[in-house]
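# Overview (structure and organization)
The primary structure of each chain is shown beneath.
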Amino acid sequence: MTKTRAAITAVGGYVPEYKLTNKVLEDMVDTSDEWITSRTGIKERRILKGEGQGTSDMGAAAVEELLKKRGITADEIDLLICCTVTPDLVFPATANIISDKVGAKNAFSFDLMAACSGFLYGLTTASKYVESGQYKKVVVVGADKMSSIIDYTDRTTCIIFGDGGGAALLEPTQEECGIMDSIMKSDGSGRVHLHQKAGGSVKPASHETVDAKEHFVYQEGQAVFKFAVNNMAEVSAEIMERNKLKSGDIRYLVPHQANKRIIDATANRMGVGKEQVMLNIERYGNTTNGTIPLCLWEWENKLKKGDNLILSAFGGGFTWGSIYLKWAYNSAN
Ligand code: UT7
(Lines give C-alpha, C1' and ligand atoms only; values in the text may rest on other atoms or scores of the structure.)
Protein backbone atom coordinates (compact mmCIF):
# COMPACT_ATOMS: atom_id res chain seq x y z
CA MET A 1 0.00 0.00 0.00
CA THR A 2 1.29 3.49 -0.80
CA LYS A 3 2.21 5.47 2.26
CA THR A 4 0.31 8.69 2.91
CA ARG A 5 2.62 11.53 3.88
CA ALA A 6 1.92 15.08 4.97
CA ALA A 7 3.18 17.66 2.48
CA ILE A 8 3.43 21.41 2.86
CA THR A 9 1.25 22.80 0.05
CA ALA A 10 1.30 26.53 0.91
CA VAL A 11 3.03 28.96 3.28
CA GLY A 12 2.22 32.43 4.56
CA GLY A 13 4.08 34.93 6.70
CA TYR A 14 3.79 38.22 8.49
CA VAL A 15 6.32 40.66 9.92
CA PRO A 16 5.31 43.97 11.52
CA GLU A 17 6.43 47.17 9.78
CA TYR A 18 8.34 48.83 12.60
CA LYS A 19 12.09 48.09 12.47
CA LEU A 20 14.07 48.23 15.70
CA THR A 21 17.63 48.72 14.49
CA ASN A 22 20.91 48.17 16.34
CA LYS A 23 21.43 51.92 16.09
CA VAL A 24 18.22 52.60 18.05
CA LEU A 25 19.17 49.94 20.61
CA GLU A 26 22.50 51.76 21.13
CA ASP A 27 20.44 54.64 22.57
CA MET A 28 18.38 52.34 24.78
CA VAL A 29 21.04 50.13 26.43
CA ASP A 30 24.84 49.95 26.74
CA THR A 31 25.56 48.09 23.50
CA SER A 32 26.94 48.65 20.01
CA ASP A 33 26.05 47.67 16.48
CA GLU A 34 29.49 46.06 16.25
CA TRP A 35 28.92 43.86 19.34
CA ILE A 36 25.44 42.76 18.29
CA THR A 37 26.45 42.03 14.70
CA SER A 38 29.59 40.09 15.55
CA ARG A 39 28.04 38.09 18.45
CA THR A 40 24.63 37.33 16.92
CA GLY A 41 24.45 38.36 13.24
CA ILE A 42 21.40 40.56 13.94
CA LYS A 43 21.04 44.06 12.42
CA GLU A 44 17.37 44.78 13.05
CA ARG A 45 14.18 43.15 14.30
CA ARG A 46 10.48 43.90 13.79
CA ILE A 47 8.20 45.08 16.60
CA LEU A 48 4.41 44.81 16.61
CA LYS A 49 3.05 48.20 17.62
CA GLY A 50 -0.51 49.20 18.35
CA GLU A 51 -3.03 48.86 21.14
CA GLY A 52 -4.72 45.47 21.28
CA GLN A 53 -2.36 43.83 18.78
CA GLY A 54 -1.17 40.35 19.68
CA THR A 55 0.26 37.11 18.38
CA SER A 56 -3.09 36.06 16.89
CA ASP A 57 -3.08 39.09 14.57
CA MET A 58 0.23 38.05 13.04
CA GLY A 59 -0.87 34.41 12.89
CA ALA A 60 -4.18 35.30 11.25
CA ALA A 61 -2.44 37.44 8.61
CA ALA A 62 -0.10 34.54 7.76
CA VAL A 63 -3.01 32.07 7.54
CA GLU A 64 -5.00 34.41 5.30
CA GLU A 65 -2.09 34.71 2.88
CA LEU A 66 -1.66 30.95 2.80
CA LEU A 67 -5.36 30.36 2.05
CA LYS A 68 -5.27 32.88 -0.78
CA LYS A 69 -2.20 31.26 -2.31
CA ARG A 70 -3.74 27.79 -2.13
CA GLY A 71 -7.10 29.06 -3.37
CA ILE A 72 -9.13 27.56 -0.54
CA THR A 73 -11.47 29.01 2.06
CA ALA A 74 -10.98 29.00 5.83
CA ASP A 75 -13.90 26.66 6.43
CA GLU A 76 -11.94 23.92 4.64
CA ILE A 77 -9.36 23.83 7.45
CA ASP A 78 -9.81 20.72 9.65
CA LEU A 79 -7.27 21.55 12.34
CA LEU A 80 -5.22 24.62 13.26
CA ILE A 81 -2.27 24.39 15.65
CA CYS A 82 -0.62 27.56 16.95
CA CYS A 83 2.91 27.25 18.30
CA THR A 84 3.78 30.19 20.52
CA VAL A 85 5.28 31.26 23.85
CA THR A 86 3.43 34.58 23.75
CA PRO A 87 -0.25 33.64 23.54
CA ASP A 88 -2.76 36.48 23.35
CA LEU A 89 -4.15 35.29 26.70
CA VAL A 90 -3.19 32.59 29.20
CA PHE A 91 -6.37 30.91 28.00
CA PRO A 92 -8.18 30.24 25.74
CA ALA A 93 -5.69 29.09 23.12
CA THR A 94 -4.41 31.60 20.57
CA ALA A 95 -5.20 28.94 17.95
CA ASN A 96 -8.90 29.32 18.85
CA ILE A 97 -8.61 33.08 18.38
CA ILE A 98 -6.83 32.74 15.03
CA SER A 99 -9.48 30.28 13.83
CA ASP A 100 -12.15 32.78 14.80
CA LYS A 101 -10.37 35.70 13.10
CA VAL A 102 -9.88 33.86 9.80
CA GLY A 103 -13.28 32.15 9.90
CA ALA A 104 -12.06 28.54 10.24
CA LYS A 105 -15.46 27.46 11.51
CA ASN A 106 -14.95 23.73 10.94
CA ALA A 107 -11.52 23.45 12.51
CA PHE A 108 -10.63 22.30 15.97
CA SER A 109 -7.65 24.24 17.22
CA PHE A 110 -5.13 24.17 20.01
CA ASP A 111 -1.84 25.71 21.08
CA LEU A 112 1.44 23.86 21.35
CA MET A 113 4.30 25.14 23.47
CA ALA A 114 7.84 24.00 22.89
CA ALA A 115 9.59 27.40 22.90
CA CYS A 116 11.87 27.92 19.89
CA SER A 117 11.35 24.33 18.69
CA GLY A 118 7.58 24.79 18.70
CA PHE A 119 7.09 25.00 14.95
CA LEU A 120 8.96 21.73 14.42
CA TYR A 121 6.99 20.02 17.18
CA GLY A 122 3.85 21.46 15.53
CA LEU A 123 4.75 20.18 12.06
CA THR A 124 5.54 16.74 13.47
CA THR A 125 2.25 16.62 15.39
CA ALA A 126 0.25 17.89 12.42
CA SER A 127 1.88 15.36 10.09
CA LYS A 128 0.52 12.50 12.24
CA TYR A 129 -3.04 13.80 11.96
CA VAL A 130 -2.66 14.00 8.17
CA GLU A 131 -0.96 10.59 7.86
CA SER A 132 -3.85 9.04 9.81
CA GLY A 133 -6.08 9.87 6.86
CA GLN A 134 -8.69 11.57 9.05
CA TYR A 135 -7.59 15.18 8.50
CA LYS A 136 -7.00 16.63 5.04
CA LYS A 137 -6.09 20.26 5.68
CA VAL A 138 -4.06 21.07 8.76
CA VAL A 139 -2.54 24.51 9.38
CA VAL A 140 0.47 25.01 11.64
CA VAL A 141 1.16 28.58 12.79
CA GLY A 142 4.43 29.64 14.43
CA ALA A 143 4.23 33.17 15.77
CA ASP A 144 5.47 35.26 18.67
CA LYS A 145 5.21 38.80 19.91
CA MET A 146 8.47 38.53 21.84
CA SER A 147 8.44 42.28 22.52
CA SER A 148 5.63 41.58 25.02
CA ILE A 149 7.99 39.62 27.30
CA ILE A 150 11.29 41.45 26.75
CA ASP A 151 12.89 43.85 29.21
CA TYR A 152 14.17 46.70 27.06
CA THR A 153 16.67 47.69 29.78
CA ASP A 154 18.36 44.25 29.66
CA ARG A 155 21.04 44.34 26.96
CA THR A 156 21.59 40.60 27.06
CA THR A 157 18.09 39.76 25.78
CA CYS A 158 16.56 42.86 24.15
CA ILE A 159 19.06 42.79 21.29
CA ILE A 160 18.11 39.27 20.26
CA PHE A 161 14.35 38.95 19.99
CA GLY A 162 11.77 40.27 17.54
CA ASP A 163 8.13 39.80 16.51
CA GLY A 164 6.74 37.87 13.55
CA GLY A 165 5.24 34.64 12.41
CA GLY A 166 4.36 32.30 9.62
CA ALA A 167 2.09 29.42 8.75
CA ALA A 168 2.19 26.23 6.71
CA LEU A 169 -0.66 24.15 5.28
CA LEU A 170 -0.23 20.37 5.39
CA GLU A 171 -2.18 18.07 3.08
CA PRO A 172 -1.96 14.34 2.34
CA THR A 173 0.10 13.10 -0.58
CA GLN A 174 0.89 9.66 -1.97
CA GLU A 175 3.94 11.01 -3.75
CA GLU A 176 7.48 10.62 -2.45
CA CYS A 177 7.52 14.06 -0.81
CA GLY A 178 6.42 15.93 2.32
CA ILE A 179 7.58 15.23 5.85
CA MET A 180 9.87 12.24 5.43
CA ASP A 181 11.27 11.96 8.96
CA SER A 182 11.57 13.84 12.22
CA ILE A 183 13.56 13.59 15.43
CA MET A 184 12.22 15.58 18.39
CA LYS A 185 13.91 15.80 21.78
CA SER A 186 13.51 17.54 25.12
CA ASP A 187 15.28 17.83 28.45
CA GLY A 188 13.34 19.70 31.12
CA SER A 189 16.37 20.06 33.37
CA GLY A 190 17.44 22.82 30.97
CA ARG A 191 14.56 25.01 32.19
CA VAL A 192 16.82 26.72 34.74
CA HIS A 193 18.79 28.40 31.96
CA LEU A 194 15.92 29.89 29.95
CA HIS A 195 12.45 30.69 31.24
CA GLN A 196 9.95 33.29 32.39
CA LYS A 197 9.91 33.31 36.17
CA ALA A 198 6.39 34.49 37.01
CA GLY A 199 2.88 34.49 35.65
CA GLY A 200 2.44 30.72 35.82
CA SER A 201 0.83 28.59 38.52
CA VAL A 202 4.01 28.38 40.63
CA LYS A 203 4.37 32.14 40.88
CA PRO A 204 1.23 33.97 39.80
CA ALA A 205 1.44 37.63 38.86
CA SER A 206 1.66 40.06 41.79
CA HIS A 207 2.99 43.55 42.43
CA GLU A 208 6.20 41.91 43.64
CA THR A 209 6.69 39.84 40.49
CA VAL A 210 6.14 42.89 38.32
CA ASP A 211 8.55 45.00 40.39
CA ALA A 212 11.15 42.22 40.19
CA LYS A 213 10.74 42.10 36.36
CA GLU A 214 9.85 38.42 36.50
CA HIS A 215 7.48 38.51 33.56
CA PHE A 216 10.33 38.93 31.11
CA VAL A 217 12.58 36.39 29.38
CA TYR A 218 15.33 35.18 31.70
CA GLN A 219 18.26 33.68 29.80
CA GLU A 220 21.72 32.51 30.77
CA GLY A 221 23.09 33.16 27.33
CA GLN A 222 26.37 31.27 27.46
CA ALA A 223 24.86 28.10 28.94
CA VAL A 224 22.06 28.08 26.38
CA PHE A 225 24.56 28.76 23.61
CA LYS A 226 26.64 25.68 24.48
CA PHE A 227 23.63 23.35 24.58
CA ALA A 228 22.22 24.89 21.40
CA VAL A 229 25.44 24.52 19.40
CA ASN A 230 25.92 20.88 20.40
CA ASN A 231 22.37 19.65 20.21
CA MET A 232 21.21 21.44 17.06
CA ALA A 233 24.31 20.29 15.18
CA GLU A 234 24.05 16.71 16.45
CA VAL A 235 20.36 16.21 15.74
CA SER A 236 20.81 17.65 12.24
CA ALA A 237 23.65 15.23 11.55
CA GLU A 238 21.60 12.37 13.04
CA ILE A 239 18.63 12.92 10.72
CA MET A 240 20.96 13.08 7.70
CA GLU A 241 22.64 9.81 8.66
CA ARG A 242 19.34 8.06 9.38
CA ASN A 243 18.09 9.02 5.91
CA LYS A 244 21.43 8.38 4.19
CA LEU A 245 21.66 12.00 3.06
CA LYS A 246 25.01 13.49 2.08
CA SER A 247 25.62 17.25 2.26
CA GLY A 248 25.28 17.47 -1.53
CA ASP A 249 21.75 16.03 -1.31
CA ILE A 250 20.57 18.95 0.84
CA ARG A 251 19.08 21.92 -0.98
CA TYR A 252 18.68 23.99 2.21
CA LEU A 253 19.22 23.84 5.93
CA VAL A 254 16.32 25.78 7.47
CA PRO A 255 17.64 26.64 10.94
CA HIS A 256 16.00 28.36 13.89
CA GLN A 257 17.44 31.88 13.85
CA ALA A 258 18.75 32.41 17.39
CA ASN A 259 22.36 33.27 16.72
CA LYS A 260 24.34 33.17 13.48
CA ARG A 261 27.19 31.41 15.27
CA ILE A 262 24.88 28.52 16.24
CA ILE A 263 23.66 28.30 12.63
CA ASP A 264 27.25 28.29 11.29
CA ALA A 265 28.21 25.48 13.70
CA THR A 266 25.21 23.41 12.58
CA ALA A 267 26.00 23.98 8.90
CA ASN A 268 29.64 23.00 9.50
CA ARG A 269 28.64 19.78 11.27
CA MET A 270 26.34 18.93 8.34
CA GLY A 271 29.03 19.85 5.80
CA VAL A 272 26.75 22.26 3.94
CA GLY A 273 27.93 25.57 2.45
CA LYS A 274 26.59 29.09 3.01
CA GLU A 275 24.51 28.93 -0.17
CA GLN A 276 22.62 25.96 1.35
CA VAL A 277 21.52 27.84 4.47
CA MET A 278 18.40 29.98 4.85
CA LEU A 279 19.43 33.00 6.89
CA ASN A 280 17.32 36.06 7.69
CA ILE A 281 18.42 36.66 11.28
CA GLU A 282 20.01 39.96 10.27
CA ARG A 283 16.56 41.38 9.42
CA TYR A 284 14.25 39.75 11.98
CA GLY A 285 16.37 38.57 14.92
CA ASN A 286 14.95 35.67 16.92
CA THR A 287 11.17 35.50 16.50
CA THR A 288 11.05 32.21 18.51
CA ASN A 289 8.25 30.15 16.88
CA GLY A 290 8.28 32.43 13.85
CA THR A 291 11.81 31.86 12.55
CA ILE A 292 11.41 28.66 10.53
CA PRO A 293 8.04 29.42 8.86
CA LEU A 294 9.33 32.91 8.01
CA CYS A 295 12.33 31.33 6.27
CA LEU A 296 10.08 28.99 4.26
CA TRP A 297 7.87 31.96 3.37
CA GLU A 298 10.80 34.06 2.16
CA TRP A 299 12.52 31.27 0.24
CA GLU A 300 9.32 29.74 -1.23
CA ASN A 301 10.00 31.11 -4.71
CA LYS A 302 13.43 29.48 -4.82
CA LEU A 303 12.16 26.04 -3.81
CA LYS A 304 11.46 23.31 -6.34
CA LYS A 305 9.47 20.12 -6.03
CA GLY A 306 11.74 17.38 -4.71
CA ASP A 307 14.20 19.69 -2.93
CA ASN A 308 15.52 18.16 0.29
CA LEU A 309 15.30 20.45 3.31
CA ILE A 310 16.54 19.89 6.85
CA LEU A 311 14.66 21.99 9.41
CA SER A 312 16.47 22.30 12.76
CA ALA A 313 15.79 24.11 16.02
CA PHE A 314 16.87 24.44 19.62
CA GLY A 315 15.07 26.32 22.38
CA GLY A 316 13.86 26.71 25.91
CA GLY A 317 12.81 23.59 27.76
CA PHE A 318 15.27 22.52 26.55
CA THR A 319 13.66 21.35 23.34
CA TRP A 320 15.32 20.55 20.05
CA GLY A 321 14.87 18.57 16.88
CA SER A 322 15.15 18.17 13.13
CA ILE A 323 12.75 17.43 10.30
CA TYR A 324 13.66 16.01 6.91
CA LEU A 325 11.23 17.52 4.42
CA LYS A 326 11.00 16.93 0.67
CA TRP A 327 9.43 20.05 -0.87
CA ALA A 328 6.16 19.24 -2.65
CA TYR A 329 5.54 22.00 -5.20
CA ASN A 330 7.00 24.57 -7.54
CA SER A 331 5.96 28.07 -6.59
CA ALA A 332 3.51 29.73 -8.98
CA ASN A 333 5.27 33.12 -8.61
O1 UT7 B 1 16.30 30.82 20.77
C2 UT7 B 1 16.29 30.26 22.03
C3 UT7 B 1 17.64 29.77 22.44
N4 UT7 B 1 18.52 30.87 22.67
C5 UT7 B 1 19.73 30.89 22.14
O6 UT7 B 1 20.06 30.00 21.39
C7 UT7 B 1 20.67 31.99 22.58
C8 UT7 B 1 22.02 31.41 22.91
N9 UT7 B 1 22.97 32.39 23.42
C10 UT7 B 1 23.50 33.37 22.66
O11 UT7 B 1 23.15 33.52 21.51
C12 UT7 B 1 24.62 34.18 23.23
O13 UT7 B 1 25.04 33.61 24.45
C14 UT7 B 1 24.25 35.68 23.49
C15 UT7 B 1 24.07 36.41 22.16
C16 UT7 B 1 23.00 35.76 24.32
C17 UT7 B 1 25.40 36.37 24.24
O18 UT7 B 1 26.60 36.24 23.51
P19 UT7 B 1 27.92 35.68 24.20
O20 UT7 B 1 28.97 35.71 23.17
O21 UT7 B 1 27.60 34.37 24.83
O22 UT7 B 1 28.20 36.79 25.28
P23 UT7 B 1 28.39 36.61 26.85
O24 UT7 B 1 27.08 36.39 27.50
O25 UT7 B 1 29.50 35.64 27.11
O26 UT7 B 1 28.90 38.04 27.24
C27 UT7 B 1 30.21 38.53 26.86
C28 UT7 B 1 30.35 39.95 27.35
C29 UT7 B 1 29.94 40.16 28.79
O30 UT7 B 1 30.77 41.15 29.34
P31 UT7 B 1 32.02 40.75 30.27
O32 UT7 B 1 31.43 40.01 31.42
O33 UT7 B 1 32.89 39.90 29.41
O34 UT7 B 1 32.60 42.07 30.61
C35 UT7 B 1 28.55 40.71 28.70
O36 UT7 B 1 28.19 41.49 29.79
O37 UT7 B 1 29.48 40.80 26.57
C38 UT7 B 1 28.64 41.56 27.46
N39 UT7 B 1 27.37 41.79 26.79
C40 UT7 B 1 27.16 42.79 25.95
N41 UT7 B 1 27.96 43.78 25.51
C42 UT7 B 1 27.44 44.65 24.63
C43 UT7 B 1 26.24 41.04 26.88
N44 UT7 B 1 25.29 41.57 26.10
C45 UT7 B 1 25.83 42.66 25.51
C46 UT7 B 1 25.34 43.61 24.60
N47 UT7 B 1 26.18 44.59 24.19
N48 UT7 B 1 24.08 43.58 24.12
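Look up a bit, the structure's there.
Counting from 1, residues in each chain are numbered in the order their sequence is written. Predicted model: local features are reported for residues with pLDDT of at least 70 only, side-chain atom pairs are reported and counted for 80 or more only, and whole-chain, interface and lining totals are derived from all residues. Derived side-chain values reflect all non-hydrogen atoms in the structure, with water molecules and hydrogen atoms excluded from consideration.

## Some remarks on the packing of aromatic side chains
We call Phe, Tyr and Trp rings a pair once their centres come within 6.5 Å, taking the six-membered ring for Trp, and we label the pair stacked below 30 degrees between planes, edge-to-face above 60, and tilted otherwise. Per the stated rule, a full pass over the model turns up nine aromatic pairs. Ring geometry for Tyr 129 versus Tyr 135: centroids 5.3 Å apart, planes at 75°, classification edge-to-face. Burial status follows relative accessibility: with a 1.4 Å probe on protein chains alone, a residue under 20% of its type maximum counts as buried, one over 50% as exposed, and anything between as partly exposed. Among the residues examined, Tyr 129 registers a relative accessible area of 24% and is labelled partly exposed. Relative to Phe 318, the ring of Phe 314 has its centre 4.9 Å away and its plane inclined at 45°; by these criteria the two rings are tilted. Comparing Phe 314 with Phe 318, the two get one shared label, buried. Chaining the aromatic ring pairs together yields one cluster made of Phe 108, Phe 110, Tyr 129 and Tyr 135. A ring has a charge above it when a Lys NZ or an Arg CZ is no more than 6 Å from the ring centre and no more than 35 degrees off the ring normal. Of note, Lys 197 hangs over the ring of Tyr 218, and the distance from its end group to the ring centre comes to 3.9 Å. Residue placement shows Arg 283 over the ring face of Tyr 284; its charged tip is 5.1 Å from the ring centre.

## Focus: the site of the ligand
The full set close to the ligand counts 22 residues, and Thr 31, Gln 222, Asn 259, Arg 261 and Asn 286 are the nearest of them. Take Thr 31: an N or O atom from its side chain is 2.7 Å from a nitrogen atom of the ligand. Using a 1.4 Å probe, the Shrake-Rupley method yields the accessible areas, and only the shown protein chains count as cover for residues. Contact with the protein chains covers 75% of the free accessible surface of the ligand, which is 960 Å². Secondary structure elements with two or more residues in the shell around the ligand: α2 (33–40), α6 (155–158), α8 (221–242) and α9 (260–270). In terms of residue count, the dominant contributor to the shell around the ligand is α8 (four residues). Considered class by class, the residues forming the shell around the ligand number nine nonpolar, nine polar and four charged. What counts as a domain boundary in this text is fixed by an automatic or database domain assignment. The two domains that each donate at least three residues to the shell around the ligand are domain 1 (5–176) and domain 2 (180–326). Any residue with a non-hydrogen atom lying within 4 Å of a molecule or strand is treated as near it. The term polar contact refers here to a pair of N or O atoms within 3.5 Å; inside protein, the definition further demands a hydrogen-donor-capable atom paired with an acceptor-capable atom, and it admits residues adjacent in sequence only when both atoms are side-chain atoms. Counting from the N terminus, the helices are the DSSP runs of H or I reaching at least four residues and the strands are the DSSP runs of E reaching at least two. Side-chain classes follow a simple rule in which Ala, Val, Leu, Ile, Met, Phe, Trp, Tyr, Cys and Pro form the nonpolar group, Asp, Glu, Lys and Arg form the charged group, and the remainder, Gly included, forms the polar group.

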